[in-house]
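What follows is each chain in one-letter form.
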Amino acid sequence: MLLATAAFRRGPSSSSVARVLRQRAPPQFLSTASTSSVGDGDDKNNDGEDDATSSPADVDDATAADSPGSSDAVDKPEEPSGVVTPDETAQPNNDGEPAAAASTNNNEDFLTTMSLRPSEVVNELDRHIVGQSSAKRAVAIAMRNRWRRRQLPQELLKEVTPRNVLMIGPTGCGKTEVARRMAKLSDAPFLKVEATKFTEVGYHGRDVDQIVRDLMDVSMSLTKKRQMEKLRGEAKLLVEDRILDMLSGPEYSGTKGQRESFRSMLQEGLLENQELEVDVPENLGGAAGKDGDGTVLAFGGDSNSMNVQAMTDLMKKLGGAGGRGGRGGPPTERKKMPISEAREVILEIELEKLLEKVDLKKEAVTAAEETGIVFIDEIDKICSSRDFNSKSADASAEGVQRDLLPLVEGTTISTKYGNVNTDYMLFIASGAFHAVKPSDMLPELQGRLPIRVELNGLTEDDLYKILTVPEANLVRQQIELIKTEGVELRFEDEALRQIAKTAAHLNRTVENIGARRLHTVMERIMEEISFQAAEMEQESEVVVTKDLVKERLSDILTKSDLSKYIL
């Protein structure tokens, strides 16, 4: 070490820098494996004890690898702000909930949109949904109550349970759209499921426990995304040092002047096209909370099983199924890429290393338990009328209702992330209830959905507002689509009135499918225009008038009139 320092005491010239670029030391391949970094970090600390010019990035790696109570802790410099030490991550607080990194600000980030006032939630929903004020108010109150519960004292916190909601209304009136917009408004884990996709326990198909497992996947994805945003700034500071390690070797193997020469060239953009060899984990950039190495497929079994998940974690630590991850690392693939492209890859690798310090599973379980929202659509399709004494043999009928009872009331479900309690999850159910009544549901399930909201059918005026009021209404969509061909499309107000009138008439005479009828009517009007738009002259204008609407829809109205007399 001392000989190397004496030999390279003077800073290199530009020719020597170029020569080093051609004949540089073997690159240091990056890996997300914590085990290998621990061993290498210890060796570096022992070999470079006398080197007083070690970079903060190298010191940061060493401090992450060493235990908090090691004897050489006094020699370590102060860590940069924002670095999370193992002592600070995932320590339980008084009420048993995990306090992840920067726990003082965690709840504020976690409940940002859930702290919206009910009036603000309604105003946001009004931008996309017409009418149905009672449903919007019920949803807004339910979301606000989630935030209010978090402000209660500890002795009362566990006693307050969410008030589940049942939305009743004809098809096409906006029940599902309310759920979709809720999911975009809330930072909390949100899952929308169809009740008809589940079967009774013991039958072939998905049981209702899968709802909680799917919600946990969503929660894990949100938690990882939130933590990555918090750690991104810290990871960016480490990327430059990692690239310098790959260009000139670790700092202790050369002089500070040589490393600084590379640093200045890197900052000036002179090395953007220089190629590096990076060991990229095979599952880098995969879906959060998913296993990207196929270990479950290799060994068989349910991917949601805790035992299979434990085996998957073990295989990752051991290097995967014959991968090139090195000692204790996940399977990797060596890729050659320019520095301009390698920056993002190295950034992702550094983020993965920093995320190892955070207990993502524990935080995701807490997020799902405390703020999870499940929207169960088409719940009326698993009900059978009580007017008949016949027992239904459908595996997706009352048996699913019985399975839903403990889930909605509160139970513990085993997932690959651990046991998840559903006591404080909010459940919102919806159904059209055309053939059955809400009273046909099991009485116990009715009692677990205490808040009932009835949505109104859409009138002609409502259909006109749907065409004009929402930000991404049907009329604007058609105008923008035709505009891509260089053609200007314009709808007269009388034409829009006629479209709404025709849609309302068809809903009354044929079948009431709500706002979905507008899609049928609009496509019939736009069929000829869409076909010819590509061949029209640039900047030409097409006007949709009331007469044009009547002409395009005349055959639909005639068929609907004749259908009344056909047996």
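All values reported here derive from a predicted model rather than from experimental measurement.

### Re the overall build of the chain
Next up, step 1: In terms of regular secondary structure, the chain is built from 22 helices and 13 strands.
Next up, step 2: The long-range share in the chain, meaning contacts at least 24 apart out of those at least 6 apart in sequence, stands at 77%.
Next up, step 3: Carbon and sulfur atoms make up 49% of the accessible area of the chain, which totals about 29,300 Å².

### A closer look at the sheet that holds strand β4 (residues 190–194)
Next up, step 1: Ordered by their spatial adjacency, five strands build an open sheet running β4-β7-β10-β3-β11, and the pairing between neighbours is parallel. Strands at the two margins of the open sheet, each flanked by one partner only, are β4 and β11 (451–454). Neighbouring strand axes in the sheet, compared pairwise and without regard to direction, differ in orientation by 15° on average.
Next up, step 2: As paired elements, strand β3 (residues 165–168) and β11 share four bridges and run parallel to each other. From the neighbouring strand, V165 faces β11, where its bridge partner is I451.
Next up, step 3: Across the sheet, helix α7 (residues 133–150) touches β3, β10 (426–431) and β11, and the angle it forms with β11 is around 150°.

### Overview of the packing of aromatic side chains
Both the distance between ring centres and the angle between the ring planes are used here to describe each pair of aromatic rings.
Next up, step 1: Scanning all chains against the criterion turns up zero aromatic pairs.
Next up, step 2: In this structure, R144 is placed above the aromatic ring of W147, and the distance from its NZ or CZ to the ring centre is 4.0 Å.
Next up, step 3: Here the guanidinium or amino end of R497 rests over the ring plane of Y464, the centre of that ring lying 3.6 Å away.

### Considerations on the pattern of salt bridges
Next up, step 1: Enumeration according to the criterion identifies 33 salt bridges in this entry.
Next up, step 2: Between R117 and E120 there is a salt bridge; the shortest N-O distance is 3.3 Å.
Next up, step 3: Since its relative accessible area comes to 32%, E120 is described here as partly exposed.
Next up, step 4: Put simply, E240, D241, E260 and R263 are held in one network by salt bridges that share partners.

### Considerations on the nonpolar core
Next up, step 1: Of all hydrophobic cores here, the largest spans 64 residues; its most connected members are I211 and I379.
Next up, step 2: It is helix α10 (residues 209–248) that provides the largest number of residues to this core, a total of 13 residues.
Next up, step 3: Ignoring any residue separated from it by four or fewer positions in sequence, one finds I211 in contact with L191, V193, F198, V374, L404 and L407.
Next up, step 4: With 33 residues, the next largest nonpolar core counts V130, V521, M522 and I529 among its residues.

### Thoughts on the pairing of strand β9 (residues 418–421)
Next up, step 1: Sheet topology places strand β8 (residues 412–415) next to β9; four bridges connect them, and they run antiparallel. If you follow I413 over to β9, its bridge partner there is V420.
Next up, step 2: Between β8 and β9, which pair antiparallel and follow one another directly, the connecting turn spans two residues.

### Some thoughts on helix α16 (residues 398–409)
Next up, step 1: Here α16 contains 12 residues, and its C-alpha end-to-end distance of 17 Å stays within 8% of the 16 Å for a straight helix at 1.5 Å per residue.
Next up, step 2: Turning to α16, its buried residues are E398, G399, V400, Q401, D403, L404, L405, L407 and V408.
Next up, step 3: Where α16 is buried, its residues touch α10, β7 (373–377), β8, β10 and α17 (443–447).
Next up, step 4: Directly beyond the C-terminal end of α16, a positive phi value near 130° is found at G410.

### A look at unusual backbone geometry
Next up, step 1: The phi dihedral of F433 is positive, around 55°, even though this residue is not glycine.
Next up, step 2: As for its placement among the helices and strands, F433 is situated in the loop between β10 and α17.
Next up, step 3: Judged by its relative accessible area of 9%, F433 falls in the buried class.
Next up, step 4: For E539, which is not a glycine, the phi torsion comes out positive at approximately 65°.

### Digging into helix α19 (residues 474–483)
Next up, step 1: Those residues of α19 that fall on the buried side of the exposure criterion are L474, V475, Q478 and I482. Across the axial projection of α19, the buried residues extend over an arc of 105°, all falling on one side.
Next up, step 2: Of the surrounding secondary structure, the elements contacted by the buried residues of α19 are α18 (460–468), β12 (487–491), α20 (493–509) and α21 (516–532).
Next up, step 3: Two or three places before V475, at the start of α19, stands the capping residue N473, its side-chain oxygen 3.2 Å from that residue's backbone nitrogen.

### What to know about the environment of S134
Next up, step 1: On the secondary structure map, S134 appears in helix α7.
Next up, step 2: Classification of S134 by relative accessible area gives partly exposed; the value is 35%.

### Re the packing of helix α6 (residues 118–126) against α7
Next up, step 1: Put simply, α6 and α7 touch, their axes get as near as 8 Å, and they point 135° apart. On the basis of the axis angle, α6 is oblique to α7. Read as a crossing pair, α6 and α7 show a hand that is right-handed. Here α6 contributes P118, V121, V122, L125 and D126 to the contact with α7, which in turn contributes K136, R137, A140, M143, R144 and R148.

### Some remarks on the environment of L405
Next up, step 1: Relative to the elements of secondary structure, L405 occurs in helix α16.
Next up, step 2: Judged by its relative accessible area of 13%, L405 falls in the buried class.
Next up, step 3: As for L405 and Q446, which are separated by 41 residues in sequence, their C-alpha atoms are 9.6 Å apart.
Next up, step 4: Other than its neighbours up to four places away in sequence, L405 contacts L442, E444, L445 and R448.

### Examining the packing of α19 against α21
Next up, step 1: Between α19 and α21, the least distance of the axes is 11 Å, while the angle of their chain directions is 20°. On the basis of their axis angle, the class for α19 and α21 is roughly parallel. Handedness of the crossing formed by α19 with α21: right-handed. Across the interface between the two elements, L474, V475, Q478 and I482 of α19 pack against L518, H519, M522, E523, M526 and S530 of α21.
Next up, step 2: Its residues assigned to classes, the contact of α19 with α21 shows six nonpolar, three polar and one charged.

### Some thoughts on the confidence of the model for the chain
Next up, step 1: For the chain, per-residue confidence averages 75 on the pLDDT scale, and residues scoring 70 or more make up 67% of the total.
Next up, step 2: Low pLDDT (under 50) marks residues 1–113, which in the prediction has 149 contacts with non-local residues, meaning those over four places away or in another chain.
Next up, step 3: Predicted confidence is poor over residues 320–326, with pLDDT under 50, and the contacts of this stretch with residues over four places away or in other chains come to 12 contacts.

### Re the side chain of E398
Next up, step 1: For E398, the location among the structural elements is in helix α16.
Next up, step 2: One buried charged residue, E398, remains without a salt bridge, the closest side chain of opposite sign being R402 at 4.1 Å.
Next up, step 3: Engagement of the side chain of E398 in a polar contact is seen with the side chain of S384, the distance being 3.4 Å.

Rules used in this analysis
- Residues numbered from 1 in each chain as written.
- Predicted model: local features only at pLDDT ≥ 70, side-chain atom pairs only at ≥ 80, totals over all residues.
- Heavy atoms only, no water.
- Helix = DSSP H or I, 4+ residues; strand = E, 2+ residues; numbered from the N terminus.
- Contact = heavy atoms within 4.5 Å.
- Areas by Shrake-Rupley, 256 points an atom, 1.4 Å probe, with all protein chains shown as cover.
- Pairing = 2+ DSSP bridges.
- Axes fitted to C-alpha atoms, helices over the stretch in contact; angles between N-to-C directions.
- Phe/Tyr/Trp six-rings, centres within 6.5 Å; stacked < 30°, edge-to-face > 60°.
- Lys NZ or Arg CZ within 6 Å of the ring centre and 35° of its normal.
- Salt bridge = Lys/Arg side-chain N within 4 Å of Asp/Glu carboxyl O.
- Buried < 20%, exposed > 50% of the residue type's maximum accessible area, 1.4 Å probe, protein only.
- Core = buried A, V, L, I, M, F, W, Y, C linked by side-chain atoms within 4.5 Å.
- Expected span 1.5 Å × (residues − 1).
- Arc of directions from axis to C-beta.
- Polar contact = N/O pair within 3.5 Å; in protein donor to acceptor, adjacent residues only side chain to side chain.
- Parallel < 35°, antiparallel > 145°, perpendicular 65-115°, else oblique.
- Left-handed = near helix turned anticlockwise from the far one by under 90°.
- Nonpolar A, V, L, I, M, F, W, Y, C, P; charged D, E, K, R; others polar.
- pLDDT = per-residue confidence, 0-100.
- Lys, Arg positive; Asp, Glu negative; His and termini not counted.

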